[in-house]
Amino acid sequence: MTTDLRLPTDRIVRPDKDRFLNEENPFEAMMSRFDRAAELLDLEPGLYKVLRHPEKQITVSVPVMMDNGEVEVFIGHRVLYNTSRGPAKGGIRFDLNVTLEEVKALAAWMTWKCAVVNLPFGGAKGGVVCDPLKMSAGELERLTRRYTAGIISTLGPDSDVPAPDVNTNERVMAWVMDTYSMHMRHTVTAVVTGKPIEMGGSLGRREATGRGVMIVTREAAKHLGLKIQDATVAVQGFGNVGSVSADLLQKIGAKIVAVTDWKGGVYNARGLDVTKMLDYAKQHKSIEGFPGGESIDNTRLYQLDVDVLIPAALENQITMENAPKIKAKIIAEGANGPTTPEAHKHLHERGVFVIPDILANAGGVTTSYFEWVQDRHGYFWEEDEVNRRLEAKMCEAFEDVLTTAQRYKTDLRTAAYVVAINRVATVTRMRGMYA
Ligand code: NAD
(Lines give C-alpha, C1' and ligand atoms only; values in the text may rest on other atoms or scores of the structure.)
Protein backbone atom coordinates (compact mmCIF):
# COMPACT_ATOMS: atom_id res chain seq x y z
CA MET A 1 0.00 0.00 0.00
CA THR A 2 1.46 3.37 -1.00
CA THR A 3 1.43 5.55 2.08
CA ASP A 4 2.67 8.95 0.99
CA LEU A 5 2.21 10.27 -2.48
CA ARG A 6 2.66 13.93 -1.74
CA LEU A 7 5.98 13.89 -3.52
CA PRO A 8 5.81 13.47 -7.29
CA THR A 9 6.13 9.85 -8.35
CA ASP A 10 6.07 10.45 -12.10
CA ARG A 11 9.77 11.20 -12.22
CA ILE A 12 11.02 8.24 -10.19
CA VAL A 13 12.11 6.63 -13.41
CA ARG A 14 14.80 8.47 -15.30
CA PRO A 15 16.47 7.22 -18.46
CA ASP A 16 19.52 5.10 -17.84
CA LYS A 17 22.25 7.56 -18.64
CA ASP A 18 25.05 6.37 -16.51
CA ARG A 19 26.51 3.17 -17.82
CA PHE A 20 29.99 4.55 -17.98
CA LEU A 21 31.49 1.34 -16.73
CA ASN A 22 29.61 -0.76 -19.21
CA GLU A 23 32.51 -2.99 -20.00
CA GLU A 24 33.00 -6.72 -19.79
CA ASN A 25 34.54 -6.50 -16.35
CA PRO A 26 33.63 -3.10 -14.92
CA PHE A 27 35.53 -3.64 -11.70
CA GLU A 28 38.79 -4.47 -13.43
CA ALA A 29 38.26 -1.56 -15.87
CA MET A 30 37.91 0.79 -12.92
CA MET A 31 40.86 -0.73 -11.12
CA SER A 32 43.19 -0.32 -14.10
CA ARG A 33 43.01 3.43 -13.32
CA PHE A 34 43.70 2.64 -9.68
CA ASP A 35 46.72 0.50 -10.68
CA ARG A 36 48.25 3.33 -12.70
CA ALA A 37 47.94 5.76 -9.78
CA ALA A 38 49.20 3.12 -7.32
CA GLU A 39 52.26 2.65 -9.52
CA LEU A 40 52.99 6.38 -9.58
CA LEU A 41 52.58 6.52 -5.81
CA ASP A 42 54.75 3.44 -5.37
CA LEU A 43 52.17 1.98 -2.97
CA GLU A 44 53.53 -0.72 -0.71
CA PRO A 45 52.25 -4.21 -1.72
CA GLY A 46 50.21 -4.80 1.46
CA LEU A 47 48.38 -1.50 1.18
CA TYR A 48 47.84 -2.08 -2.51
CA LYS A 49 46.13 -5.39 -1.69
CA VAL A 50 43.94 -3.77 0.98
CA LEU A 51 42.78 -0.92 -1.29
CA ARG A 52 42.07 -3.26 -4.17
CA HIS A 53 39.38 -5.12 -2.22
CA PRO A 54 35.94 -3.91 -1.16
CA GLU A 55 35.45 -3.90 2.60
CA LYS A 56 31.97 -5.36 2.55
CA GLN A 57 29.59 -6.75 -0.07
CA ILE A 58 25.99 -7.50 0.79
CA THR A 59 23.49 -9.29 -1.43
CA VAL A 60 19.90 -9.53 -0.31
CA SER A 61 16.73 -11.07 -1.65
CA VAL A 62 13.95 -8.50 -1.79
CA PRO A 63 10.48 -10.09 -1.80
CA VAL A 64 7.78 -7.69 -2.95
CA MET A 65 4.01 -8.13 -3.11
CA MET A 66 3.17 -6.92 -6.61
CA ASP A 67 -0.07 -5.12 -7.45
CA ASN A 68 -1.49 -8.28 -9.04
CA GLY A 69 -1.23 -10.13 -5.73
CA GLU A 70 1.77 -12.23 -6.73
CA VAL A 71 5.08 -12.21 -4.90
CA GLU A 72 8.19 -11.31 -6.87
CA VAL A 73 11.71 -11.66 -5.49
CA PHE A 74 14.33 -9.09 -6.56
CA ILE A 75 18.07 -9.15 -5.91
CA GLY A 76 19.70 -6.16 -4.24
CA HIS A 77 23.33 -5.34 -3.53
CA ARG A 78 25.15 -2.85 -1.33
CA VAL A 79 28.92 -2.59 -1.45
CA LEU A 80 30.96 -0.57 1.03
CA TYR A 81 34.27 -0.21 -0.73
CA ASN A 82 36.32 1.67 1.83
CA THR A 83 35.37 3.51 5.00
CA SER A 84 38.77 4.48 6.36
CA ARG A 85 38.08 8.22 5.86
CA GLY A 86 34.51 8.20 7.14
CA PRO A 87 31.01 6.83 6.46
CA ALA A 88 30.48 5.22 3.09
CA LYS A 89 28.73 7.48 0.57
CA GLY A 90 27.11 6.36 -2.66
CA GLY A 91 23.89 6.12 -4.59
CA ILE A 92 21.26 3.44 -4.99
CA ARG A 93 20.17 2.53 -8.50
CA PHE A 94 17.17 0.56 -9.71
CA ASP A 95 18.03 -1.02 -13.02
CA LEU A 96 17.89 -4.30 -14.92
CA ASN A 97 21.62 -4.06 -15.68
CA VAL A 98 22.72 -3.91 -12.04
CA THR A 99 25.41 -6.50 -11.29
CA LEU A 100 27.58 -6.99 -8.22
CA GLU A 101 30.70 -6.30 -10.33
CA GLU A 102 29.33 -2.95 -11.48
CA VAL A 103 28.20 -2.00 -7.97
CA LYS A 104 31.70 -2.85 -6.73
CA ALA A 105 33.29 -0.70 -9.45
CA LEU A 106 31.01 2.23 -8.71
CA ALA A 107 31.63 1.90 -4.96
CA ALA A 108 35.39 2.08 -5.60
CA TRP A 109 34.79 5.10 -7.86
CA MET A 110 32.82 6.85 -5.10
CA THR A 111 35.70 6.22 -2.69
CA TRP A 112 38.14 8.03 -4.99
CA LYS A 113 35.63 10.76 -5.89
CA CYS A 114 34.93 11.69 -2.26
CA ALA A 115 38.67 11.68 -1.61
CA VAL A 116 39.46 13.98 -4.58
CA VAL A 117 37.30 16.70 -3.04
CA ASN A 118 38.59 15.78 0.41
CA LEU A 119 35.24 14.86 1.95
CA PRO A 120 35.36 12.84 5.17
CA PHE A 121 33.57 9.97 3.45
CA GLY A 122 34.39 6.56 2.10
CA GLY A 123 32.68 5.09 -0.93
CA ALA A 124 29.69 2.81 -1.47
CA LYS A 125 27.09 1.94 -4.06
CA GLY A 126 23.88 -0.05 -4.08
CA GLY A 127 21.44 -1.36 -6.58
CA VAL A 128 18.42 -3.54 -7.11
CA VAL A 129 18.01 -5.59 -10.27
CA CYS A 130 14.58 -4.53 -11.48
CA ASP A 131 12.80 -2.81 -14.33
CA PRO A 132 11.34 0.28 -12.65
CA LEU A 133 9.66 1.33 -15.90
CA LYS A 134 7.33 -1.64 -15.48
CA MET A 135 6.58 -1.03 -11.80
CA SER A 136 3.90 1.07 -10.14
CA ALA A 137 4.72 3.69 -7.50
CA GLY A 138 3.35 1.33 -4.84
CA GLU A 139 5.55 -1.54 -6.02
CA LEU A 140 8.59 0.75 -6.05
CA GLU A 141 7.82 1.92 -2.54
CA ARG A 142 7.55 -1.66 -1.24
CA LEU A 143 10.75 -2.59 -3.08
CA THR A 144 12.59 0.41 -1.61
CA ARG A 145 11.42 -0.28 1.92
CA ARG A 146 12.23 -4.00 1.84
CA TYR A 147 15.65 -3.40 0.26
CA THR A 148 16.34 -0.78 2.94
CA ALA A 149 15.34 -3.28 5.64
CA GLY A 150 17.64 -5.85 3.99
CA ILE A 151 20.72 -3.63 4.16
CA ILE A 152 19.79 -1.79 7.36
CA SER A 153 22.74 -3.17 9.32
CA THR A 154 25.16 -1.13 7.19
CA LEU A 155 23.04 2.03 6.93
CA GLY A 156 23.38 5.00 9.25
CA PRO A 157 24.74 8.56 9.33
CA ASP A 158 27.98 7.23 10.83
CA SER A 159 28.36 4.20 8.60
CA ASP A 160 26.65 4.32 5.20
CA VAL A 161 24.75 7.19 3.60
CA PRO A 162 22.94 6.52 0.28
CA ALA A 163 21.83 9.06 -2.33
CA PRO A 164 19.82 8.96 -5.56
CA ASP A 165 21.34 7.37 -8.66
CA VAL A 166 20.03 5.89 -11.91
CA ASN A 167 16.22 5.60 -11.69
CA THR A 168 15.95 6.74 -8.09
CA ASN A 169 15.22 10.24 -6.85
CA GLU A 170 14.25 12.29 -3.80
CA ARG A 171 10.96 10.38 -3.56
CA VAL A 172 12.90 7.13 -3.13
CA MET A 173 15.30 8.76 -0.64
CA ALA A 174 12.31 9.85 1.47
CA TRP A 175 11.16 6.20 1.64
CA VAL A 176 14.66 5.02 2.61
CA MET A 177 14.86 7.68 5.30
CA ASP A 178 11.41 6.82 6.65
CA THR A 179 12.08 3.08 6.72
CA TYR A 180 15.40 3.57 8.51
CA SER A 181 13.82 6.01 10.97
CA MET A 182 10.98 3.60 11.79
CA HIS A 183 13.55 0.93 12.69
CA MET A 184 15.56 3.40 14.81
CA ARG A 185 12.37 4.63 16.52
CA HIS A 186 13.27 8.24 15.82
CA THR A 187 13.74 10.48 12.78
CA VAL A 188 17.20 10.23 11.25
CA THR A 189 17.46 12.68 8.37
CA ALA A 190 21.23 12.28 7.90
CA VAL A 191 20.92 8.65 6.78
CA VAL A 192 20.42 9.69 3.14
CA THR A 193 21.18 12.76 1.01
CA GLY A 194 19.37 14.09 -2.01
CA LYS A 195 16.21 14.47 0.09
CA PRO A 196 13.45 16.99 -0.49
CA ILE A 197 14.31 20.38 1.07
CA GLU A 198 11.26 20.11 3.38
CA MET A 199 12.66 17.02 5.12
CA GLY A 200 16.33 17.93 5.50
CA GLY A 201 17.60 18.41 1.96
CA SER A 202 20.07 21.18 1.24
CA LEU A 203 19.51 24.38 -0.65
CA GLY A 204 21.78 24.52 -3.67
CA ARG A 205 21.92 20.73 -4.11
CA ARG A 206 20.02 20.76 -7.40
CA GLU A 207 22.45 23.21 -9.00
CA ALA A 208 25.56 21.86 -7.27
CA THR A 209 26.96 19.64 -10.02
CA GLY A 210 26.59 22.31 -12.71
CA ARG A 211 27.98 24.93 -10.34
CA GLY A 212 31.01 22.72 -9.74
CA VAL A 213 31.49 22.36 -13.51
CA MET A 214 31.38 26.15 -13.86
CA ILE A 215 33.93 26.62 -11.06
CA VAL A 216 36.51 24.15 -12.42
CA THR A 217 36.06 25.49 -15.97
CA ARG A 218 36.67 29.04 -14.73
CA GLU A 219 39.74 27.89 -12.78
CA ALA A 220 41.09 26.00 -15.81
CA ALA A 221 40.66 29.09 -17.98
CA LYS A 222 42.50 31.15 -15.39
CA HIS A 223 45.32 28.60 -15.34
CA LEU A 224 45.60 28.62 -19.14
CA GLY A 225 45.53 32.41 -19.33
CA LEU A 226 42.19 32.39 -21.10
CA LYS A 227 39.73 35.12 -20.18
CA ILE A 228 36.43 33.45 -19.27
CA GLN A 229 34.63 36.66 -20.40
CA ASP A 230 35.98 36.08 -23.92
CA ALA A 231 35.52 32.31 -23.91
CA THR A 232 33.11 30.46 -26.18
CA VAL A 233 31.41 27.34 -24.86
CA ALA A 234 29.56 24.37 -26.38
CA VAL A 235 27.50 22.08 -24.17
CA GLN A 236 26.17 18.61 -24.93
CA GLY A 237 23.08 17.93 -22.80
CA PHE A 238 20.66 20.45 -21.34
CA GLY A 239 19.46 18.52 -18.30
CA ASN A 240 20.41 19.16 -14.70
CA VAL A 241 24.17 19.33 -15.24
CA GLY A 242 24.30 20.85 -18.76
CA SER A 243 21.72 23.57 -18.26
CA VAL A 244 23.08 24.77 -14.90
CA SER A 245 26.68 24.74 -16.23
CA ALA A 246 25.60 26.78 -19.27
CA ASP A 247 23.54 29.19 -17.20
CA LEU A 248 26.26 29.85 -14.61
CA LEU A 249 29.04 30.15 -17.20
CA GLN A 250 26.94 32.69 -19.06
CA LYS A 251 26.40 34.56 -15.80
CA ILE A 252 30.18 34.94 -15.36
CA GLY A 253 30.50 36.28 -18.89
CA ALA A 254 31.22 33.28 -21.12
CA LYS A 255 29.42 33.01 -24.44
CA ILE A 256 27.39 29.82 -24.86
CA VAL A 257 27.39 29.28 -28.62
CA ALA A 258 25.98 25.77 -28.94
CA VAL A 259 23.83 23.35 -26.98
CA THR A 260 22.39 19.96 -27.92
CA ASP A 261 19.99 17.61 -26.17
CA TRP A 262 18.35 14.23 -26.92
CA LYS A 263 16.23 15.72 -29.70
CA GLY A 264 18.33 18.37 -31.40
CA GLY A 265 20.49 21.42 -30.86
CA VAL A 266 20.99 25.12 -31.44
CA TYR A 267 23.99 27.14 -32.55
CA ASN A 268 24.59 30.86 -32.59
CA ALA A 269 28.11 32.25 -33.01
CA ARG A 270 27.00 35.47 -31.29
CA GLY A 271 25.82 33.55 -28.23
CA LEU A 272 22.58 31.95 -27.07
CA ASP A 273 20.32 33.36 -24.38
CA VAL A 274 20.45 30.54 -21.81
CA THR A 275 17.68 32.01 -19.65
CA LYS A 276 15.30 32.00 -22.61
CA MET A 277 16.47 28.50 -23.52
CA LEU A 278 15.63 27.26 -20.03
CA ASP A 279 12.07 28.56 -20.41
CA TYR A 280 11.83 27.11 -23.91
CA ALA A 281 13.11 23.70 -22.76
CA LYS A 282 10.61 23.66 -19.89
CA GLN A 283 7.78 24.28 -22.32
CA HIS A 284 8.88 22.05 -25.20
CA LYS A 285 10.76 19.29 -23.30
CA SER A 286 13.69 19.98 -25.63
CA ILE A 287 15.67 22.88 -26.99
CA GLU A 288 15.08 21.72 -30.55
CA GLY A 289 13.57 24.56 -32.57
CA PHE A 290 14.69 27.28 -30.12
CA PRO A 291 14.38 30.47 -32.17
CA GLY A 292 17.68 32.02 -31.03
CA GLY A 293 19.93 30.19 -33.51
CA GLU A 294 20.33 27.64 -36.26
CA SER A 295 20.01 23.92 -35.67
CA ILE A 296 23.06 21.78 -34.94
CA ASP A 297 23.75 18.12 -34.15
CA ASN A 298 26.32 16.46 -31.87
CA THR A 299 28.74 15.75 -34.71
CA ARG A 300 29.00 19.44 -35.54
CA LEU A 301 28.96 20.49 -31.90
CA TYR A 302 32.09 18.47 -31.22
CA GLN A 303 33.91 20.05 -34.18
CA LEU A 304 33.14 23.67 -33.31
CA ASP A 305 35.96 26.13 -32.90
CA VAL A 306 35.19 26.89 -29.26
CA ASP A 307 37.33 27.38 -26.17
CA VAL A 308 35.36 25.09 -23.87
CA LEU A 309 33.46 21.90 -24.50
CA ILE A 310 31.20 20.43 -21.83
CA PRO A 311 29.92 16.92 -22.39
CA ALA A 312 27.01 16.76 -19.93
CA ALA A 313 24.75 14.09 -21.35
CA LEU A 314 25.96 10.53 -21.72
CA GLU A 315 28.97 8.25 -21.46
CA ASN A 316 31.35 7.46 -24.37
CA GLN A 317 30.59 10.56 -26.45
CA ILE A 318 34.19 11.53 -27.20
CA THR A 319 35.77 8.68 -29.12
CA MET A 320 38.61 8.34 -31.61
CA GLU A 321 36.05 9.21 -34.27
CA ASN A 322 35.53 12.79 -33.12
CA ALA A 323 38.47 13.46 -30.78
CA PRO A 324 40.94 14.33 -33.58
CA LYS A 325 38.47 16.99 -34.80
CA ILE A 326 37.94 18.65 -31.42
CA LYS A 327 39.28 22.23 -31.38
CA ALA A 328 38.35 23.15 -27.79
CA LYS A 329 41.16 24.02 -25.39
CA ILE A 330 39.27 22.86 -22.30
CA ILE A 331 36.96 19.88 -21.89
CA ALA A 332 35.05 19.80 -18.60
CA GLU A 333 33.47 16.37 -18.13
CA GLY A 334 30.08 17.11 -16.59
CA ALA A 335 28.83 13.63 -17.48
CA ASN A 336 30.32 10.44 -16.08
CA GLY A 337 32.72 8.73 -18.46
CA PRO A 338 32.06 10.85 -21.59
CA THR A 339 35.55 10.22 -23.00
CA THR A 340 36.91 6.81 -24.00
CA PRO A 341 40.44 5.97 -22.73
CA GLU A 342 41.96 6.12 -26.26
CA ALA A 343 40.31 9.46 -27.02
CA HIS A 344 41.50 10.81 -23.67
CA LYS A 345 45.08 9.78 -24.42
CA HIS A 346 44.86 11.44 -27.83
CA LEU A 347 43.45 14.68 -26.41
CA HIS A 348 46.03 14.85 -23.65
CA GLU A 349 48.84 14.35 -26.16
CA ARG A 350 47.41 17.16 -28.27
CA GLY A 351 47.48 19.43 -25.22
CA VAL A 352 43.74 19.64 -24.64
CA PHE A 353 43.05 20.41 -20.97
CA VAL A 354 40.62 17.67 -19.94
CA ILE A 355 39.08 18.16 -16.49
CA PRO A 356 38.11 14.60 -15.53
CA ASP A 357 34.59 13.64 -14.43
CA ILE A 358 35.77 12.52 -11.00
CA LEU A 359 36.71 16.16 -10.32
CA ALA A 360 34.51 18.17 -12.70
CA ASN A 361 31.19 16.72 -11.55
CA ALA A 362 32.07 16.31 -7.86
CA GLY A 363 30.02 19.38 -6.90
CA GLY A 364 26.98 17.15 -6.39
CA VAL A 365 28.54 14.83 -3.84
CA THR A 366 30.18 17.81 -2.14
CA THR A 367 26.80 19.40 -1.52
CA SER A 368 25.48 16.01 -0.40
CA TYR A 369 28.20 16.21 2.22
CA PHE A 370 26.90 19.67 3.20
CA GLU A 371 23.39 18.21 3.44
CA TRP A 372 24.66 15.52 5.81
CA VAL A 373 26.50 18.13 7.92
CA GLN A 374 23.39 20.33 8.14
CA ASP A 375 21.18 17.36 9.06
CA ARG A 376 23.55 16.35 11.82
CA HIS A 377 23.64 19.88 13.22
CA GLY A 378 19.92 20.36 12.76
CA TYR A 379 20.80 23.80 11.46
CA PHE A 380 20.35 24.77 7.84
CA TRP A 381 22.45 27.18 5.83
CA GLU A 382 21.36 29.91 3.46
CA GLU A 383 21.92 29.09 -0.19
CA ASP A 384 24.77 31.61 -0.38
CA GLU A 385 26.56 29.80 2.39
CA VAL A 386 26.23 26.46 0.57
CA ASN A 387 27.56 28.01 -2.64
CA ARG A 388 30.42 29.74 -0.89
CA ARG A 389 31.55 26.50 0.71
CA LEU A 390 31.17 24.62 -2.57
CA GLU A 391 33.31 27.23 -4.28
CA ALA A 392 36.07 26.74 -1.70
CA LYS A 393 35.99 22.93 -1.92
CA MET A 394 36.02 22.83 -5.72
CA CYS A 395 38.83 25.38 -6.04
CA GLU A 396 40.93 23.52 -3.51
CA ALA A 397 40.35 20.19 -5.29
CA PHE A 398 41.18 21.73 -8.66
CA GLU A 399 44.42 23.13 -7.28
CA ASP A 400 45.37 19.80 -5.66
CA VAL A 401 44.81 17.90 -8.90
CA LEU A 402 46.61 20.49 -11.02
CA THR A 403 49.73 20.59 -8.84
CA THR A 404 49.76 16.78 -8.69
CA ALA A 405 49.56 16.61 -12.49
CA GLN A 406 52.51 18.99 -12.71
CA ARG A 407 54.48 17.11 -10.11
CA TYR A 408 54.00 13.69 -11.72
CA LYS A 409 54.07 15.11 -15.27
CA THR A 410 50.81 13.40 -16.04
CA ASP A 411 47.26 14.16 -17.21
CA LEU A 412 44.61 15.50 -14.84
CA ARG A 413 42.66 12.26 -14.76
CA THR A 414 45.61 10.23 -13.55
CA ALA A 415 46.48 13.08 -11.16
CA ALA A 416 42.96 13.03 -9.68
CA TYR A 417 43.34 9.32 -8.96
CA VAL A 418 46.77 9.93 -7.45
CA VAL A 419 45.36 12.62 -5.13
CA ALA A 420 42.44 10.42 -4.11
CA ILE A 421 44.31 7.17 -3.62
CA ASN A 422 47.06 8.91 -1.73
CA ARG A 423 44.50 10.35 0.70
CA VAL A 424 42.85 6.97 1.31
CA ALA A 425 46.24 5.22 1.54
CA THR A 426 47.59 7.78 4.02
CA VAL A 427 44.69 7.31 6.44
CA THR A 428 44.80 3.52 6.08
CA ARG A 429 48.51 3.57 6.85
CA MET A 430 48.01 5.89 9.88
CA ARG A 431 45.22 3.77 11.29
CA GLY A 432 47.24 0.58 10.85
CA MET A 433 45.96 -2.94 10.58
CA TYR A 434 43.37 -3.95 13.18
CA ALA A 435 44.27 -7.32 14.76
P1 NAD B 1 19.50 14.76 -17.09
O2 NAD B 1 18.66 13.59 -17.39
O3 NAD B 1 18.96 15.85 -16.25
O4 NAD B 1 20.03 15.41 -18.47
C5 NAD B 1 20.60 14.69 -19.50
C6 NAD B 1 20.58 15.58 -20.73
O7 NAD B 1 21.25 14.92 -21.80
C8 NAD B 1 19.19 15.91 -21.25
O9 NAD B 1 19.13 17.26 -21.63
C10 NAD B 1 19.04 15.03 -22.47
O11 NAD B 1 18.17 15.59 -23.44
C12 NAD B 1 20.46 15.06 -22.97
N13 NAD B 1 20.78 14.00 -23.92
C14 NAD B 1 20.38 12.70 -23.92
N15 NAD B 1 20.87 12.08 -25.00
C16 NAD B 1 21.57 13.00 -25.70
C17 NAD B 1 22.28 12.98 -26.91
N18 NAD B 1 22.39 11.86 -27.63
N19 NAD B 1 22.87 14.11 -27.33
C20 NAD B 1 22.79 15.26 -26.62
N21 NAD B 1 22.12 15.34 -25.47
C22 NAD B 1 21.53 14.22 -25.02
O23 NAD B 1 20.85 14.18 -16.45
P24 NAD B 1 21.93 14.92 -15.56
O25 NAD B 1 21.58 14.73 -14.14
O26 NAD B 1 22.16 16.28 -16.12
O27 NAD B 1 23.22 14.01 -15.84
C28 NAD B 1 23.99 14.13 -17.00
C29 NAD B 1 25.30 13.39 -16.79
O30 NAD B 1 25.97 13.92 -15.65
C31 NAD B 1 25.18 11.89 -16.52
O32 NAD B 1 26.34 11.25 -17.04
C33 NAD B 1 25.23 11.81 -15.01
O34 NAD B 1 25.66 10.56 -14.54
C35 NAD B 1 26.25 12.88 -14.73
N36 NAD B 1 26.22 13.38 -13.35
C37 NAD B 1 25.11 13.99 -12.85
C38 NAD B 1 25.12 14.48 -11.55
C39 NAD B 1 23.94 15.20 -10.98
O40 NAD B 1 24.05 15.69 -9.86
N41 NAD B 1 22.84 15.34 -11.69
C42 NAD B 1 26.28 14.32 -10.74
C43 NAD B 1 27.40 13.71 -11.29
C44 NAD B 1 27.36 13.25 -12.59
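Residues numbered from 1 in each chain as written. Predicted model: local features only at pLDDT ≥ 70, side-chain atom pairs only at ≥ 80, totals over all residues. Heavy atoms only, no water.

Time to look at the sheet that holds strand S11 (residues 330-332). Spatial ordering of the open sheet is given by S9-S8-S7-S6-S10-S11-S12, a layout of seven strands whose pairing is mixed. The open sheet has two free edges, formed respectively by strand S9 (294-295) and strand S12 (353-355), since each of these has just one partner strand. Where strand S7 (residues 255-260) and strand S8 (residues 265-267) come together, three bridges link them in antiparallel fashion. If you follow Ala-258 over to S8, its bridge partner there is Tyr-267. (Pairing = 2+ DSSP bridges. Helix = DSSP H or I, 4+ residues; strand = E, 2+ residues; numbered from the N terminus.)

Scanning the entire structure with this criterion turns up 31 salt bridges. Here Arg-206 and Glu-207 are joined by a salt bridge, their closest N and O atoms 3.5 Å apart. Under the relative-accessibility criterion, Arg-206 is labelled exposed at 52%. Through salt bridges that share partners, Arg-93, Glu-102, Lys-125 and Asp-165 make up one connected network. (Salt bridge = Lys/Arg side-chain N within 4 Å of Asp/Glu carboxyl O. Buried < 20%, exposed > 50% of the residue type's maximum accessible area, 1.4 Å probe, protein only.)

Moving on, we come to the nonpolar core. If you look at the biggest cluster of nonpolar residues, it comprises 92 residues, and the most contacted ones within it are Trp-112, Ile-310, Ile-355 and Ile-421. Once you skip the residues sitting within four places of it in the chain, Ile-421 turns out to touch Phe-34, Ala-37, Leu-41, Leu-43, Leu-51 and Trp-112. Of all hydrophobic cores here, the second largest spans 26 residues; its members include Val-62, Phe-94, Tyr-147 and Val-172. (Core = buried A, V, L, I, M, F, W, Y, C linked by side-chain atoms within 4.5 Å. Contact = heavy atoms within 4.5 Å.)

Turning our eyes to something else, we now look at helix H5 (residues 170-184). A rise of 1.5 Å per residue sets the reference length of H5, with its 15 residues, at 21 Å; its end C-alpha atoms lie 21 Å apart and thus fit the reference within 8%. Among the residues of H5, those classed as buried are Arg-171, Val-172, Met-173, Ala-174, Trp-175, Val-176, Met-177, Thr-179, Tyr-180 and Ser-181. Packing partners of the buried residues in H5 comprise strand S3 (88-94), helix H4 (137-150) and strand S5 (160-164). The opening residue of H5 is Asn-169, an N-cap whose side-chain oxygen sits 3.0 Å from the backbone nitrogen of Arg-171. Within two residues after H5, Arg-185 carries a phi angle of roughly 70 degrees, on the positive side. (Expected span 1.5 Å × (residues − 1). Polar contact = N/O pair within 3.5 Å; in protein donor to acceptor, adjacent residues only side chain to side chain.)

In a pair of packed helices, the angle between the axes and the distance between the axes together describe the arrangement. Taken N-terminus to C-terminus, the directions of helix H1 (residues 26-41) and helix H14 (residues 412-431) make an angle of 75 degrees; their axes are 9 Å apart at the nearest point. Here H1 lies roughly perpendicular to H14, going by the angle between them. Residues Met-30, Arg-33, Phe-34, Arg-36, Ala-37, Leu-40 and Leu-41 of H1 touch H14, and the partners they reach there are Thr-414, Tyr-417, Val-418, Ile-421 and Asn-422. Grouping the constituent residues of the contact of H1 with H14 by class yields eight nonpolar, two polar and two charged. (Axes fitted to C-alpha atoms, helices over the stretch in contact; angles between N-to-C directions. Parallel < 35°, antiparallel > 145°, perpendicular 65-115°, else oblique. Nonpolar A, V, L, I, M, F, W, Y, C, P; charged D, E, K, R; others polar.)

This paragraph deals with the packing of aromatic side chains. According to the stated counting rule, one finds eleven aromatic pairs in the structure shown. Taking 6.0 Å as the distance between ring centres and 70 degrees as the angle between the ring planes, the aromatic pair formed by Tyr-81 and Trp-112 counts as edge-to-face. Of this pair, Tyr-81 sits in strand S2 (residues 71-82) while Trp-112 sits in helix H3 (residues 100-116), placing them 31 residues apart in sequence. Like Trp-112, Tyr-81 is buried. Through a chain of ring-to-ring contacts, the aromatic side chains of Phe-27, Phe-34, Tyr-48, Tyr-81 and Trp-112 assemble into a single cluster. The ring of Phe-27 has Lys-104 lying over it, and the distance from NZ or CZ to the ring centre is 4.6 Å. (Phe/Tyr/Trp six-rings, centres within 6.5 Å; stacked < 30°, edge-to-face > 60°. Lys NZ or Arg CZ within 6 Å of the ring centre and 35° of its normal.)

Attention now moves to the pairing of S7. When you tally the buried positions in S7, you get five out of six residues, the bulk of the element. As paired strands, strand S6 (residues 232-236) and S7 are joined by five bridges and run parallel to one another. Bridge pairing links Val-235 to Val-259 in S7. A crossover connection joins S6 to the parallel S7 through helix H7 (residues 240-251); in handedness this β-α-β unit is right-handed. (Right-handed = clockwise from strand over helix to strand, strands pointing away.)

Let us now look at the packing of H1 against H3. Interhelical geometry of H1 versus H3 gives an angle of 25 degrees and a closest axis separation of 7 Å. By the angle between their directions, the pair H1 and H3 is classed as roughly parallel. Contacts between H1 and H3 involve Pro-26, Phe-27, Met-30, Met-31, Arg-33 and Phe-34 from the first element and Glu-101, Glu-102, Lys-104, Ala-105, Ala-108, Trp-109 and Trp-112 from the second. In the contact of H1 with H3, the residues fall into nine nonpolar, no polar and four charged.

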